[in-house]
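Residues per chain are reported as follows:
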Amino acid sequence: MMLEVKNITKSFGSLEVLRGVDFSVNQGDVVAILGPSGSGKTTLLRCMNYLETADSGTMVFDGVSYDLSHTSKRDIGIIRKKTGFVFQNYNLFRNKNVLNNVTEGLIIARKIPKAEAHETAVKALEKVGLGDRLDYYPYQLSGGQQQRVAIARAIATNPEIIYFDEPTSALDPELTGEVLSVMRNLARDGMTMVVVTHEIGFAREVSNRVVFMDGGVVAEEAPSHEFFEHPKEERTRQFLRIISGN
């Protein structure tokens, strides 16, 4: 088990967003987290990477147990060095070109020498099909290209796991395919990924496990083929009927 979260809770004021979520990831997994808006999917992901502080819960990562509500800055730094995070809205530096968007974190946060960071960034950008856009600025790129820069930035750190928070939801439909193609290639290369998504086709095709969240809890979890072909819970069946238009 690479990562396991136990009994995670999170409220915003009187709103309970996570109500005792258990969640695990094995090395090489591609886990798709599905569910209606407001079900807690993104909050779970953000708590797992300390972008939000959980009210309670534990996380075991690489055999080390952490209290999600009271983790030291040092330990958060250790965990984040092992993870990548791809945001819905890219989070690129608008005043830096593509190459510098990828090298910045390597040089500043990880203290990697500039020449090595440059080489690593170029390889990552080539991997996502942007080796010819190194000098472009975000405003010169399509949304799909910007998201691919964000993915390159994540993989350049050589993470053990990458979290994706609705990576295609800000994109026009014709740009979604290019981002999903990059993610398919990462999956084929064995990258461990947790993907909050509404892209059911991607979840069915690429993920090996699906976690369905509803009302702040995990309502159903199953291998992908079982989840889509033989869902056990009525709430899951209802969700799948709605998203398939039946």
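Check the entry above for the structure.
Residues numbered from 1 in each chain as written. Predicted model: local features only at pLDDT ≥ 70, side-chain atom pairs only at ≥ 80, totals over all residues. Heavy atoms only, no water.

(A) Highlighting the packing of helix α3 (residues 98-108) against helix α4 (residues 114-127). It is the contact of α3 with α4, at a shortest axis distance of 9 Å, that shows an interaxial angle of 130 degrees. Between α3 and α4, the interaxial angle falls into the category oblique. The crossing of α3 and α4 is right-handed. Contacts between α3 and α4 involve Val-98, Leu-99, Val-102, Thr-103, Leu-106 and Ile-107 on the former and, on the latter, Lys-114, Ala-117, His-118, Thr-120, Ala-121, Val-122 and Leu-125. By residue class, the composition of the contact of α3 with α4 is 9 nonpolar, 3 polar and 1 charged. (Axes fitted to C-alpha atoms, helices over the stretch in contact; angles between N-to-C directions. Helix = DSSP H or I, 4+ residues; strand = E, 2+ residues; numbered from the N terminus. Parallel < 35°, antiparallel > 145°, perpendicular 65-115°, else oblique. Left-handed = near helix turned anticlockwise from the far one by under 90°. Contact = heavy atoms within 4.5 Å. Nonpolar A, V, L, I, M, F, W, Y, C, P; charged D, E, K, R; others polar.)

(B) Focus on the nonpolar core. Leu-125, Val-149, Ile-151, Phe-164 and Met-183 are the most contacted members of the largest nonpolar core, which has 38 residues in total. Counting residues per element, the ones that place at least two in this core are α3, α4, α5 (143-156), β7 (161-165), α6 (173-188), β8 (192-196) and α7 (200-206). The greatest single-element share of this core, amounting to 7 residues, is contributed by α5. Setting aside residues up to four positions removed in sequence, Phe-164 forms contacts with Leu-45, Val-86, Ile-151, Met-183, Leu-186, Met-193, Val-194, Val-195 and Val-196. Cys-47, Leu-68, Ile-161 and Val-211 belong to the second-largest nonpolar core, a separate cluster that totals 30 residues. (Core = buried A, V, L, I, M, F, W, Y, C linked by side-chain atoms within 4.5 Å. Buried < 20%, exposed > 50% of the residue type's maximum accessible area, 1.4 Å probe, protein only.)

(C) Structural detail: the pattern of salt bridges. The full count for this structure, using the stated rule, is 16 salt bridges. With its nearest N and O atoms 4.0 Å apart, the salt bridge here joins Lys-232 to Glu-226. In this structure Lys-232 comes out as exposed when scored by relative accessible area, which is 59%. We note a salt bridge from Glu-234 to Arg-237, for which the minimum N-O separation is 3.2 Å. Here Glu-234 and its partner Arg-237 are both found in helix α9 (residues 234-244), 3 residues apart, which amounts to about one turn of the helix. (Salt bridge = Lys/Arg side-chain N within 4 Å of Asp/Glu carboxyl O.)

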